[in-house]
Amino acid sequence: MRAVWDVNVFGVVAVYQAMLPLLRKGVDARIVNVSSGVGSLTANADPTYPYHSIYGPVYPASKAAENAMTLAMMIELEGTDIKINLVSPAFTSTALNNFAGTESIEDGSREVVRVALLGKDGPTGTFTRWEDTTIPW
């Protein structure tokens, strides 16, 4: 549990804190945190959600905590031009899941890249997957 939380929560916060001075100096700065639909508290509170039964204290809860930290970042940066969004790459085939994922790395990265390139007039505070499909927080 600690190893997963070190990466998914504390690692995200450490990178944020390290990069924030540069982001504040930048133009068109954007943070895209890679989360997961299994971290959605709204979805997991619904007993009919397909992943409801696997919600637990390790990966799903760490992603919920990452989402909460992302919200804290958004609140901290209100009134600045820095935009923050959450993205889920879906169940991507990586070493993390012994390559059992159903999506390729290329497909899993599409939404991350799309959101990173939204530009100055793009939205902030969104949580999306595939082609701008909204995920509830």
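For clarity, every value in this text was computed on a predicted model and none was experimentally measured.

Visitor: Please provide a residue-by-residue account of the pattern of salt bridges, values included.
Guide: Scanning all chains against the criterion turns up 4 salt bridges. With its nearest N and O atoms 3.9 Å apart, the salt bridge here joins Arg24 to Glu76. With Arg24 in helix H1 (residues 2-25) and Glu76 in helix H3 (residues 59-76), this residue pair connects regions lying 52 residues apart in the sequence. Of the residues examined, Arg24 reaches a relative accessible area of 47% and is grouped as partly exposed. We note a salt bridge from Arg114 to Glu111, for which the minimum N-O separation is 2.7 Å. Taken together, the residues Arg114 and Glu111, both in helix H4 (residues 105-116) and 3 residues apart, mark about one turn of the helix. Judged by relative accessible area, Arg114 falls into the partly exposed class, the value being 27%. Residue classification places Glu111 among the buried residues on the basis of a relative accessible area of 3%. Salt bridges here are not isolated pairs; linked through shared partners, they connect Glu111, Arg114 and Asp132.

Visitor: Tell me about the pairing of strand E2 (residues 83-87), and name the residues and values.
Guide: Across the 5 residues of E2, 5 count as buried, placing the element largely inside the fold. Burial of the side chains of E2 extends over both faces: Lys83, Asn85 and Val87 are buried on one face and Ile84 and Leu86 on the other. Sheet analysis places strand E1 (residues 30-34) next to E2, joined by 5 bridges and oriented parallel. Among the inter-strand pairings, Val32 is bridged to a residue of E2, identified as Asn85. Note that E2 and strand E3 (residues 127-129) share 2 bridges and pair parallel. Opposite Leu86, over in E3, you have Phe127 as the bridge partner.

Parameters at a glance
- Residue positions are given per chain, counting from 1 as you read along its sequence in written order.
- The predicted nature of this model means local features are confined to residues of pLDDT at least 70 and side-chain atom pairs, given and counted, to a pLDDT of 80 or more, with totals for whole chains, interfaces and linings taken over all residues.
- Computation of side-chain values covers all heavy atoms of the structure but excludes hydrogens and water.
- Each reported salt bridge corresponds to a side-chain nitrogen of Lys or Arg within 4 Å of a carboxyl oxygen of Asp or Glu.
- The helix and strand labels rest on DSSP assignments: H or I over at least four residues marks a helix, E over at least two residues marks a strand, and numbering proceeds from the N terminus.
- Burial here depends on accessible area, computed with a 1.4 Å probe over protein chains only, as a share of the maximum for the residue type. Under 20% is buried, over 50% is exposed, and the range in between is partly exposed.
- Strands are labelled as partners when DSSP assigns at least two bridges between them.

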